[in-house]
Amino acid sequence: FLNIPLKMEESYKALDTLLKDEATFKQVVEAVFESIDTDKSGSIDIKEIEVFINSVCKEMGIGQAPDKAAIETVFKELDTDKSNSIDKEELGKFLRTLFEEQKKQLEASMKKQIHFSLISSEYSLEQHTFPWFHHQIFLLKK
């Protein structure tokens, strides 16, 4: 009846669980942090962010990675305490915001799918109901 893609619904549930379960969220932050902090210094510098972003772009098939100015802008946004490095807390705040935004976008997409499915169902129902309804009116007139 409702044609919400399963992947979309699974992603929404996973994000919802992740955002509600603090222990799991901290594990994700830790894993992401460790994958970016290649020199294991306990903080992420701009070079590590650049390598990470370029790697993600390559994996996603994005032909041209962002230029240095764009990477510097991203780094400055993540470095909220202006220490020229990103710690786990700063990364965690960014990831929480990112996941919350992704969840909102998925929710909006699912609502559109539900709305479209309901409209399609109503249209289909009308196609089957109108002939019956007209027939009933015809019988009443006799």
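Provided above is the structure to which this section pertains.
Residues numbered from 1 in each chain as written. Predicted model: local features only at pLDDT ≥ 70, side-chain atom pairs only at ≥ 80, totals over all residues. Heavy atoms only, no water.

Draft legend 1. Expanded view of the overall build of the protein. Across its full length, the protein holds five helices and zero strands. Across the 142 residues in the protein, those meeting the buried criterion constitute 23%. Restricting to contacts in the protein with at least 6 residues of sequence separation, those with at least 24 account for 59%. When the accessible area of the protein is evaluated, it comes to approximately 10,500 Å², of which 60% is carbon and sulfur surface. (Helix = DSSP H or I, 4+ residues; strand = E, 2+ residues; numbered from the N terminus. Buried < 20%, exposed > 50% of the residue type's maximum accessible area, 1.4 Å probe, protein only. Contact = heavy atoms within 4.5 Å. Areas by Shrake-Rupley, 256 points an atom, 1.4 Å probe, with all protein chains shown as cover.)

Draft legend 2. Molecular detail of unusual backbone geometry. Residue lysine 40 is not a glycine yet carries a positive backbone phi of 55 degrees. Following the sequence through the fold, lysine 40 ends up in the loop between α2 (22-36) and α3 (46-59). Even without being glycine, lysine 82 reaches a positive phi, approximately 55 degrees. Residue placement: lysine 82 occurs in the loop between α4 (68-78) and α5 (88-141).

Draft legend 3. Region of the structure containing α4. Regarding α4, the residues found buried are Ile71, Phe75 and Leu78. Mapping the buried residues of α4 onto a view down its axis gives an arc of 60 degrees, with all of them on the same face. The exposed set on the far side of α4, more than 90 degrees from its buried face, consists of Lys76 and Glu77. (Arc of directions from axis to C-beta.)

Draft legend 4. Summary view of the pattern of salt bridges. The full count for this structure, using the stated rule, is eight salt bridges. Between lysine 93 and glutamate 89 there is a salt bridge whose closest N-O contact spans 3.4 Å. Of this pair, lysine 93 and glutamate 89 both sit in helix α5, four residues apart, which is roughly one turn of the helix. Lysine 93 gets classed as partly exposed once you look at its relative accessible area, which sits at 48%. Linked by salt bridges that have partners in common, Asp16, Lys20 and Lys103 make up one network. (Salt bridge = Lys/Arg side-chain N within 4 Å of Asp/Glu carboxyl O.)

Draft legend 5. Just the packing of aromatic side chains, in detail. The full count for this structure, using the stated rule, is one aromatic pair. A ring pair is formed by phenylalanine 25 and phenylalanine 99, whose centres lie 6.3 Å apart and whose planes are at 90 degrees; its orientation type is edge-to-face. You can see phenylalanine 25 sitting in helix α2 and its partner phenylalanine 99 sitting in helix α5, a full 74 residues away along the chain. Of the two residues examined, phenylalanine 25 and phenylalanine 99, each falls in the buried class. Looking at arginine 96, its charged tip hangs above the ring of phenylalanine 25, at a distance of 4.0 Å from the centre. (Phe/Tyr/Trp six-rings, centres within 6.5 Å; stacked < 30°, edge-to-face > 60°. Lys NZ or Arg CZ within 6 Å of the ring centre and 35° of its normal.)

Draft legend 6. Representation of the nonpolar core in the model. Residues Phe25, Ile44, Ile49, Ile86, Leu91, Leu95 and Phe99 are the most contacted members of the largest nonpolar core, which totals 22 residues. Setting aside residues up to four positions removed in sequence, leucine 95 forms contacts with Phe25, Val29 and Val32. (Core = buried A, V, L, I, M, F, W, Y, C linked by side-chain atoms within 4.5 Å.)

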